[in-house]
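Descriptive analysis of the structure
Spelled out from the first residue to the last, the chains are:
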Amino acid sequence: MIKPINITPLNTTNILQYKCEKCGDYGTITLENNIINTDNEGNFTTPLDDYECQKCGEKL
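Residues numbered from 1 in each chain as written. Predicted model: local features only at pLDDT ≥ 70, side-chain atom pairs only at ≥ 80, totals over all residues. Heavy atoms only, no water.

Before going further, it helps to examine unusual backbone geometry. A positive phi angle is found at asparagine 6, which is not glycine, with a value near 55°. Residue position: asparagine 6 is located in the loop between strand 1 (2-5) and strand 2 (12-13). Positive phi, close to 60°, is recorded for asparagine 11, a residue that is not glycine. Within the element layout of this structure, asparagine 11 appears in the loop between strand 1 and strand 2. In this structure asparagine 11 comes out as partly exposed when scored by relative accessible area, which is 22%. (Helix = DSSP H or I, 4+ residues; strand = E, 2+ residues; numbered from the N terminus. Buried < 20%, exposed > 50% of the residue type's maximum accessible area, 1.4 Å probe, protein only.)

Right, here's the structure in full:
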């Protein structure tokens, strides 16, 4: 599970919170040279298929 946090008034963020459904690891991901667009409810407007759990390697 990935959800955006610290959403700006322009509905963008570069900080994501994750929790792995397989091993239970959780934390934050800070994107260095990228921003994620969200809608007014905080849902992603583009799919995020590139992120894996840092502990077990399962897709988030």
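And the narrative resumes.
Relative to the assigned elements, leucine 10 resides in the loop between strand 1 and strand 2. What makes leucine 10 exposed here is its relative accessible area of 72%.

A separate point is the sheet that holds strand 4 (residues 26-30). Spatial ordering of the open sheet is given by 1-3-4, a layout of 3 strands whose pairing is antiparallel. Of all strands in the sheet, those bounded by a partner on one side alone are strand 1 and strand 4. Between one strand axis and the next, the sheet turns by 30° as a mean value, whatever way the strands run. (Pairing = 2+ DSSP bridges. Axes fitted to C-alpha atoms, helices over the stretch in contact; angles between N-to-C directions.)

What follows is about the pattern of salt bridges. Counted according to the given criterion, the structure contains 1 salt bridge. We note a salt bridge from glutamate 58 to lysine 22, for which the minimum N-O separation is 4.0 Å. Here glutamate 58, found in the segment after strand 5 (36-37), pairs with lysine 22, found in the loop between strand 3 (15-19) and strand 4; they are 36 residues apart in sequence, far enough to count as distant. (Salt bridge = Lys/Arg side-chain N within 4 Å of Asp/Glu carboxyl O.)

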